Every structure is written in structure tokens, then in C-alpha cells.
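Residue-level structural notes
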Amino acid sequence: MMSERIFDVFGNVFCGGTVFIPRSPSPEIAMKKSLFLSCFVGILAIAPVTRAENLSHLSQLFSTRSCQNCDLTATGLVNAKLGRVDLTGSDLRQANLSGADLSLANLSGADLTGASLAGANMAGANLEGAILDGADLRGTYLSGANFTNTSLNTYYVTRAVGLLEANVSAERLYQWGFIESESNNHRMAITYYNYAADIDPDNGAIYLSRAIASFKLKDYYSAQQDVTFARSLFEARGSQVGIDASDRLLAQIDLAVNPDSGSGNSFGNVVGTITSMLFRLFF
């Protein structure tokens, strides 16, 4: 019977065994039916709920390539081919767009709060007025994107490409540089620090952080130049914390250049101390 076959298939796929439900079940079969029903209830309890509007809007998106002001919250679109789609004003909060192709997509006014865009291709995407707060942009390609009035309050930016085209504050650039440095992407960190220094040239913390990144790349000359300049800025401000942090790093640079000049704390310990100082200096 068809109903028996349905139970059979469901039992194999979800419950790990065949479950036949004949019209007059024996006690043994009745027990299997009970086990099946328990399994079915368990599946319903853990299965994600997909709202009708999500399904309707998804269907519209893939059939017309346009879904303005759609509700696509928490939708799974991993590796989806969405190049040039129109998602103007759509709600994509918590959506999983990891690895998706969103090149030249229109996401103006879209809410991507908490969305995963890791590894996505967003080259040339229109992000005017979009919200990407808390979005995962690790490894995301954003070259040529329109960042006009885009909200980018996120720290998941490791190895993202194209964020330097966004109009953000020196503080945000400094934070992104710090994140890259913590991930051992020191050259990218230095690039962020360069842009931050262009906006806020009198902030000693930026130069001190850039000096640390240069030191880790064994570019001791650049590190010494930056930390010396940072120290002069801290002196002008009367910041003893900044002066002490600069002196600690200068001592490490001298030790690296002249290893026989003396002994001291390991660089890792010194950086940890300086890092705690930096947060007090910048924020």
C-alpha cells in the first residue's frame, strides 16, 4: 500500500530502518509504529521552520532574479549564483551567503546584519545604504563595491579584499588593522594603519601598532622610525603610558638589531603588555 511505502521510506531515511504499517498490525508491528511516531515527532522538534514567505520570496528570487524588499532572514544560500540580482531593501539578516556569487548585485538598502558572507564574491555590488553590522566578511571580495552610506560595524574582516574603498573612520581602520595583525596578516595590517594615519595623523597608537607589525616582519628600520615618531606624539600629549609603551618596543628593536647587547623579556611578553597599553591609548 502507498501509506505503507511512505512509512518504509521515511523509516529508512530518518529512523535508520524499515517500518511497515499494515492495516491490522501485529503487536510487534504496533511497537514499530510507536517507535516510528516517536522518531517522527523528534524530527519535527529539531527541524528548522521555513516560513511560507521565505519560500515564496526564494522562488521569486531564482525565477526572476529580482526580489525587492523580500524577507530572506536566516536563509541558506551557500555558494548560490546571485550575480546581478536585485535585492534592494531586502531583509537578509543572519542569512548564510558563504561563497555566494553576488558580483554586481544590487543590495542597496538591504539589511545583512549578522549575515555570513565569508568567501563571497561581491565585486561591484551596490551596497549603498546597506547594513553589514556583525556580518562575516572574512575572505570576502568587495573590490569595486559601492559603499556609500554603508554601515560596516563588523570585526570579521580577516583577508577581506576591497574594504579600503569604504568611507570609514580612522578608529575602524585601526581596529581592522589590529585584527589582521592578530591573524599574522601583518602586511594587510600595515595597509590599514597607513589609511588610518592619513585620517588621524596625530594618533601615536596608530604608529606604534604599525611599528609592531613592521617588527614582526623583521623590518626593524621602519619599526624604529614609527615608534620614535609615536613617542614624540605621546610626549607632546603628555601621555606617560604611550611613552612607556614606546620605550619598551624601542628596547626590543635594539635587542633584535644588536642581539649581544643584553637580555630582556621575550618579544611576545612585551607585545602583550604594549597591546593592553594601546587600547588605553586609542579608545
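Note that the structure is a prediction, hence the values are computed from the model and not measured. (Residues numbered from 1 in each chain as written. Predicted model: local features only at pLDDT ≥ 70, side-chain atom pairs only at ≥ 80, totals over all residues. Heavy atoms only, no water.)

**Considering the packing of aromatic side chains**
For the coordinates displayed, the defined rule picks out four aromatic pairs. Between the aromatic rings of Tyr174 and Tyr193, the centroid separation amounts to 5.7 Å while the plane-to-plane angle is 40°, which identifies the pairing as tilted. Of the two residues, Tyr174 is situated in helix H4 (residues 170-182) and Tyr193 in helix H5 (residues 186-199); the sequence distance between them amounts to 19 residues. Given the relative accessible area of 2%, Tyr174 is considered buried. Exposure remark for Tyr193: the relative accessible area of 1% places this residue in the buried category. Plain terms: the ring middles of Trp176 and Tyr192 are 5.8 Å apart, the flat faces sit at 65° to each other, and that makes the pair edge-to-face. Here Trp176, found in helix H4, pairs with Tyr192, found in helix H5; they are 16 residues apart in sequence, far enough to count as distant. A relative accessible area of 0% means that Trp176 is categorised as buried. (Phe/Tyr/Trp six-rings, centres within 6.5 Å; stacked < 30°, edge-to-face > 60°. Helix = DSSP H or I, 4+ residues; strand = E, 2+ residues; numbered from the N terminus. Buried < 20%, exposed > 50% of the residue type's maximum accessible area, 1.4 Å probe, protein only.)

**Overview of the packing of H4 against H5**
Put simply, H4 and H5 touch, their axes get as near as 8 Å, and they point 165° apart. Our classification of the angle between H4 and H5 gives roughly antiparallel. In this structure, H4 crosses over H5, and the sense of that crossing is left-handed. In this structure, H4 uses Ala170, Leu173, Tyr174, Trp176, Gly177, Phe178, Glu180 and Ser181 to contact H5, whose residues at the interface are His186, Met188, Ala189, Tyr192, Tyr193, Tyr195, Ala196 and Ile199. Taken together, the residues of the contact of H4 with H5 break down into 12 nonpolar, three polar and one charged. (Axes fitted to C-alpha atoms, helices over the stretch in contact; angles between N-to-C directions. Parallel < 35°, antiparallel > 145°, perpendicular 65-115°, else oblique. Left-handed = near helix turned anticlockwise from the far one by under 90°. Contact = heavy atoms within 4.5 Å. Nonpolar A, V, L, I, M, F, W, Y, C, P; charged D, E, K, R; others polar.)

**Examining the pattern of salt bridges**
Taken as a whole and assessed by the stated rule, the structure comprises five salt bridges. Residue Arg210 pairs with Asp226 through a salt bridge whose shortest N-O separation is 2.7 Å. In this pair, Arg210 is assigned in helix H6 (residues 204-216) and Asp226 in helix H7 (residues 220-237), connecting sequence segments 16 residues apart. What makes Arg210 buried here is its relative accessible area of 16%. Connected through shared salt-bridge partners, Arg231, Glu235 and Asp247 make up one network. (Salt bridge = Lys/Arg side-chain N within 4 Å of Asp/Glu carboxyl O.)

**What about the packing of H6 against H7?**
Closest axis-to-axis distance for the H6/H7 pair is 8 Å, and the angle between their directions is 160°. In this view, H6 runs roughly antiparallel relative to H7, as classed from their interaxial angle. Considering the relative orientation of H6 and H7, their crossing is left-handed. Contact with H6, carried on its side by Gly204, Ala205, Tyr207, Leu208, Arg210, Ala211, Ser214 and Phe215, involves Tyr220, Ser222, Ala223, Asp226, Val227, Phe229, Ala230, Leu233, Phe234 and Arg237 of H7 and no other residues of that element. A per-class count over the contact of H6 with H7 returns 12 nonpolar, three polar and three charged.

**Some words on the environment of Met122**
If you trace the backbone, Met122 turns up in the loop between helix H3 (52-64) and H4. Sequence separation between Met122 and Ala100 is 22 residues, and the spatial gap between their C-alpha atoms is 8.4 Å. Met122 has contacts with Leu102, Ser103, Leu107, Leu117, Leu127, Thr140, Tyr141, Leu142 and Ala145, leaving out every residue within four places of it along the chain.

**Quick word on the state of the cysteines**
With the rule as written, the count across this model stands at one disulfide. Disulfide pairing is shown between Cys67 and Cys70; the S-S distance is 1.7 Å. Between Cys67 and Cys70 the sulfur-sulfur dihedral comes to about -95°; the bridge is accordingly left-handed. By relative accessible area, which is 0% here, Cys67 ends up buried. On the basis of relative accessible area, Cys70 is assigned to the buried category, the value being 4%. (Disulfide = S-S within 2.5 Å.)

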